[in-house]
Amino acid sequence: LEGALAGAMRAYSKWADKLPSHMFISGPFSVAERLGSLVNTAGQYLLIGTSCGVSGYGLTLGLVGLRERLTGRASNVELPPLWGGTFGWATFMAFNSNPRFHLCEGLELSLARLLSEKDPFQNGCLRSAIAALRYGNNFFGAKSYIWWNRKLGLQQVIEPI
């Protein structure tokens, strides 16, 4: 089993090393290699989301338990199930954060082609545009994470009293 796993890791590394860092980067990459980059980072984001889901759940349980011991009151908030929350994180990372990463990288490259880094004014515009793009990406990501979890039934809409 160990030899098979090592062989699979070598084959994966050999394949992944040939891929562009993101699908919109300049270079002599084929469409298949560009799509491979999207699929590869989706797998990486899926693993990251899974590990964050499990570790975040454990941390939350620990903090809720600590609060109960310190205050003597039980939490009135119902936590989503471990694997449901983990599935939510993992799929959000793979199917929402990953495409946004590739899109932002491509847009940053396009902005850099339009605005010169050598001209101080254009460099300032470029940096401001990239900051706005990243802020918008984070804002949209946070909003879409809430929407994602609601669609999966992991987060309830609480009506104001």
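See the structure shown above.
Residues numbered from 1 in each chain as written. Predicted model: local features only at pLDDT ≥ 70, side-chain atom pairs only at ≥ 80, totals over all residues. Heavy atoms only, no water.

Caption draft 1: Geometry of the overall build of the chain. Each helix and strand counted, the chain has 4 helices and 0 strands in total. Put simply, the chain runs from its N terminus to its C terminus through helices and strands in the order α-α-α-α. Against the compact-globule benchmark of 15 Å for 161 residues, the chain has a radius of gyration of 21 Å, which places it well outside the compact range. Sorting the 161 residues of the chain into buried and exposed places 26% on the buried side. Sequence-distant contacts, at least 24 apart, represent 61% of the contacts inside the chain between residues at least 6 apart. Working note: accessible area of the chain is about 11,300 Å², and carbon and sulfur atoms make up 66% of it. Across the chain, the centroid of the 15 positively charged side chains sits 1 Å from that of the 10 negatively charged ones. (Helix = DSSP H or I, 4+ residues; strand = E, 2+ residues; numbered from the N terminus. Rg over C-alpha atoms; globule rule 2.2 N^0.38 Å. Buried < 20%, exposed > 50% of the residue type's maximum accessible area, 1.4 Å probe, protein only. Contact = heavy atoms within 4.5 Å. Areas by Shrake-Rupley, 256 points an atom, 1.4 Å probe, with all protein chains shown as cover. Lys, Arg positive; Asp, Glu negative; His and termini not counted. Charge placed at Lys NZ, Arg CZ, Asp CG, Glu CD.)

Caption draft 2: Focus on the environment of Met9. If you trace the backbone, Met9 turns up in helix α1 (residues 2-17). A relative accessible area of 46% places Met9 in the partly exposed class. Along the sequence, Met9 and Trp147 sit 138 residues apart, while their C-alpha atoms lie 35 Å from each other.

Distances and angles like these do not, on their own, reveal function.
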